[in-house]
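Tertiary structure, described
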Amino acid sequence: MGKRKSTEEHNSSSRHVKVSTVTKEAEVETPYLATFPGTKPASDMDFTAYKSSDPNPSAKKAEQRVISGETDKVIFSGANFGPNSIRNNQCKYIVGVYSKKANTLDITNAPIMKMNRTVKALEADMVGNSTMARGNIARAALGLAFGTAKAKQQLKSDERNLVKGEDLMDEMDTLHSEISKATVNIPKKEEMKKSMENALPIPEYNIDAESPEEAYDITSIVTDEELNSLQCKEILKETSLEGIKTYLAYHDSKFVNDRIMAIIASSGKKDRNRVRKLMYINLLMGYYLRVRPNDLKNRRKVEAALKTPPSIVLDGLAERYTESNHRTPVMADKILLYMFTLILSISGYSVLIDDLGKDLLLKPTKLASLFKSLGCKVEKASADECREAGNKSAKKATLVVPLKFPEVRTGISRR
């Protein structure tokens, strides 16, 4: 109990802080409070207070101060008197220093200064502009004295509409405040990037993937049930390209045709899952090229265009790639992006893209842009790959992990 009493006495005494006013010394400057127009100086910037050099100043003049500080590019200055001082101030400010050890607070008056900013690089321009301004004033005076009525009217209109830099500087605080209010809801670059990534019509992805196989969820493109509904038994019995085409929705895909022919020509057990994925890629190509947007509302026309695929496949296409039975430009890109992801998955996540461009009637720039949207690096193929493809300038897309999507562009493009 005794220890508790001692603590209570200590807490009681610590609540009583001794406050005292610091006596102003002639050679010691008081602290100042300052307001800055928009741009604030660095916290370690030095400022100097200047006073009148009059050896016997009046009491009022003795309190007048000019505060100034500068960097390599900007000069900040303010005064507590004259046209640039704060007027009609209805309160006084004090600052204090609290000593925790002595439990004391020393306070003193702190005059407030309105600081102005001058850009050094503009000072030379201001000198030239002042000479030009004097010439303009003289010309205006002559025009008002001897000009026509129309000329006089134009001069008066110009004078009314003239915006002076000094006027803007006086309103700088208000301008900065209004700009801050207007831009408070503008998203930052990182927020824009995240929003764009979420808005991209790409399959479900894992941003932390450590291998290409982990980057995209293939089941978000086509489910196992949809793949297993595609019958590949008959197509594997064919030995000619013309025979294969009779089972495909889109005949003119060199990419799909060459790979199915290669599987059929290979010895040993056939990779039926790979064949089904190629058949589904072919369906996506047909859905993109052969099904016209106006036909999407008519299921029979869609079935006919795709050679009557299973109902589960048709339902999946409509669910993923239409909005209320309409194909928007975003949905059209979504078909291509999902298709290219599936193509990457059956190609070891690195594929020559030139044949795909021809198959889908896409320009090289559009083709490369879509693969980059998936996080691919698009570059010239190796010499061996170019020779094998029969194309000296063949391009290759390779999925890179961790996934990195195209950067958000800001500012004005320069052409």
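Definitions and cut-offs
- Residues numbered from 1 in each chain as written.
- Predicted model: local features only at pLDDT ≥ 70, side-chain atom pairs only at ≥ 80, totals over all residues.
- Heavy atoms only, no water.
- Phe/Tyr/Trp six-rings, centres within 6.5 Å; stacked < 30°, edge-to-face > 60°.
- Helix = DSSP H or I, 4+ residues; strand = E, 2+ residues; numbered from the N terminus.
- Buried < 20%, exposed > 50% of the residue type's maximum accessible area, 1.4 Å probe, protein only.
- Lys NZ or Arg CZ within 6 Å of the ring centre and 35° of its normal.
- Salt bridge = Lys/Arg side-chain N within 4 Å of Asp/Glu carboxyl O.
- Pairing = 2+ DSSP bridges.
- Axes fitted to C-alpha atoms, helices over the stretch in contact; angles between N-to-C directions.
- Contact = heavy atoms within 4.5 Å.
- Core = buried A, V, L, I, M, F, W, Y, C linked by side-chain atoms within 4.5 Å.
- pLDDT = per-residue confidence, 0-100.
- Parallel < 35°, antiparallel > 145°, perpendicular 65-115°, else oblique.
- Left-handed = near helix turned anticlockwise from the far one by under 90°.
- Nonpolar A, V, L, I, M, F, W, Y, C, P; charged D, E, K, R; others polar.
- Expected span 1.5 Å × (residues − 1).

Focus: the packing of aromatic side chains
- Counted according to the given criterion, the structure contains four aromatic pairs.
- Taking the centre distance of 5.7 Å and the plane angle of 85 degrees together, the rings of Tyr321 and Tyr338 count as edge-to-face. In this pair, Tyr321 sits in helix 14 (residues 311-321) while Tyr338 sits in helix 15 (residues 329-345), placing the two residues 17 residues apart along the sequence. You'll find Tyr321 and Tyr338 in the same group, each marked buried.
- Aromatic ring contacts, followed pair by pair, group Tyr287, Tyr321 and Tyr338 into a single cluster.
- When the ring centre of Phe255 is taken as origin, the NZ or CZ atom of Arg259, which lies over that ring, is 3.7 Å away.
- In this arrangement the basic side chain of Arg327 is found over the ring face of Tyr287, its NZ or CZ atom lying 5.1 Å from the centre.

Describing the pattern of salt bridges
- Using the criterion set out here, one finds 13 salt bridges in the structure.
- The residue Asp315 makes a salt bridge to Arg299 at a minimum N-O spacing of 3.0 Å. Of this pair, Asp315 sits in helix 14 while Arg299 is found in helix 13 (residues 299-305), placing the two residues 16 residues apart along the sequence.
- You can call Asp315 partly exposed: its relative accessible area is 40%.
- A relative accessible area of 37% places Arg299 in the partly exposed class.
- Close ionic contact of Lys377 with Glu379 constitutes a salt bridge, the shortest N to O distance being 4.0 Å.
- Among the ionic contacts, a cluster of salt bridges with common partners joins Lys254, Asp258 and Asp355.

Some points on the sheet that holds strand 7 (residues 104-109)
- Pairing is mixed in the open sheet, where three strands are placed in the order 1-7-6. Whereas interior strands pair on both sides, the edge strands pair on one side only; in this sheet they are strand 1 (18-21) and strand 6 (94-99). Strand-to-strand twist in this sheet, taken as the mean axis angle between neighbours without regard to direction, amounts to 25 degrees.
- In this structure, strand 6 lies alongside strand 7, joined through six bridges in antiparallel fashion. Bridge pairing links Val95 to Thr108 in strand 7.

A few points about the sheet that holds strand 11 (residues 376-380)
- Strands sit in the order 10-12-11 across an open sheet of three strands; the sheet is antiparallel. Only two strands of the sheet have a single neighbouring strand rather than two, namely strand 10 (350-352) and strand 11. Averaged over all pairs of adjacent strands, the angle between their axes in this sheet comes to 20 degrees, without regard to strand direction.
- Pairing of strand 10 with strand 12 (residues 395-399), which is carried by three bridges, proceeds in the antiparallel orientation. Note on strand 12: the bridge partner recorded for Val351 is Ala397.
- Across the sheet, helix 17 (residues 364-373) is in contact with strand 10, strand 11 and strand 12; its angle to strand 11 comes to roughly 140 degrees.

Re the nonpolar core
- Ranked by internal contacts, the top residues of the largest apolar core, which has 66 residues, are Ile235, Tyr280, Tyr287, Leu306, Met339, Phe340 and Phe371.
- Met45, Ile67, Val74 and Met115 belong to the second largest nonpolar core, which has six residues in total.

Digging into the pairing of strand 12
- Within strand 12, four of the five residues are buried, which leaves the element mostly enclosed by the surrounding structure.
- One ladder, built from five bridges, connects strand 11 with strand 12; its direction is antiparallel. Paired with Cys376 across the strands is Leu399, a residue of strand 12.

Some details on the pairing of strand 7
- With four bridges connecting them, strand 1 and strand 7 associate as parallel partners. In the sheet register, Lys18 faces strand 7, and the bridge partner there is Thr104.
- Counting the residues that bridge the hairpin from strand 6 to strand 7 gives four residues, and of these Asn103 lies at a positive phi of roughly 55 degrees.

What to know about the environment of Arg274
- Position of Arg274 among the secondary structure elements: in helix 12 (residues 272-289).
- Spatially, the C-alpha atoms of Arg274 and Leu227 are 9.8 Å apart, while their sequence positions differ by 47 residues.
- Once you skip the residues sitting within four places of it in the chain, Arg274 turns out to touch Arg259, Ile263 and Ile346.

A few points about the confidence of the model for the protein chain
- For the protein chain, per-residue confidence averages 82 on the pLDDT scale, and 81% of positions sit at 70 or higher.
- Here helix 1 (residues 2-14) stands out as the element of the protein chain with the lowest mean pLDDT, 49, in contrast to strand 10, whose mean of 95 is the highest.
- The low-confidence segment residues 1-10, where pLDDT is below 50, has zero contacts with residues more than four positions distant or belonging to other chains.
- This model gives residues 410-415 a pLDDT under 50, and the stretch forms zero contacts once residues within four places in sequence are excluded.

Examining the packing of helix 12 against helix 15
- Packing of helix 12 against helix 15 leaves a shortest axis separation of 10 Å and a crossing angle of 160 degrees. By the angle between their axes, helix 12 is roughly antiparallel relative to helix 15. Between helix 12 and helix 15 lies a crossing whose hand is left-handed. Facing helix 12, whose interface residues are Lys277, Tyr280, Ile281, Leu284, Met285, Tyr287 and Tyr288, helix 15 presents Ala332, Ile335, Leu336, Met339, Leu342 and Ile343.
- When grouped by side-chain class, the residues that make up the contact of helix 12 with helix 15 number twelve nonpolar, no polar and one charged.

Notes on helix 15
- Between its terminal C-alpha atoms helix 15 stretches 25 Å, which fits the 24 Å expected from 17 residues at 1.5 Å a residue.
- Summarising burial for helix 15: 14 of the 17 residues are buried, a large majority.

Describing unusual backbone geometry
- Note the cis peptide between Val401 and Pro402, where omega equals 0 degrees.
- Note that Pro402 resides in the segment after strand 12.
- For Ser324, which is not a glycine, the phi torsion comes out positive at approximately 55 degrees.
- Tracing the backbone through its elements, the reader meets Ser324 in the loop between helix 14 and helix 15.
- Under the relative-accessibility criterion, Ser324 is labelled exposed at 69%.

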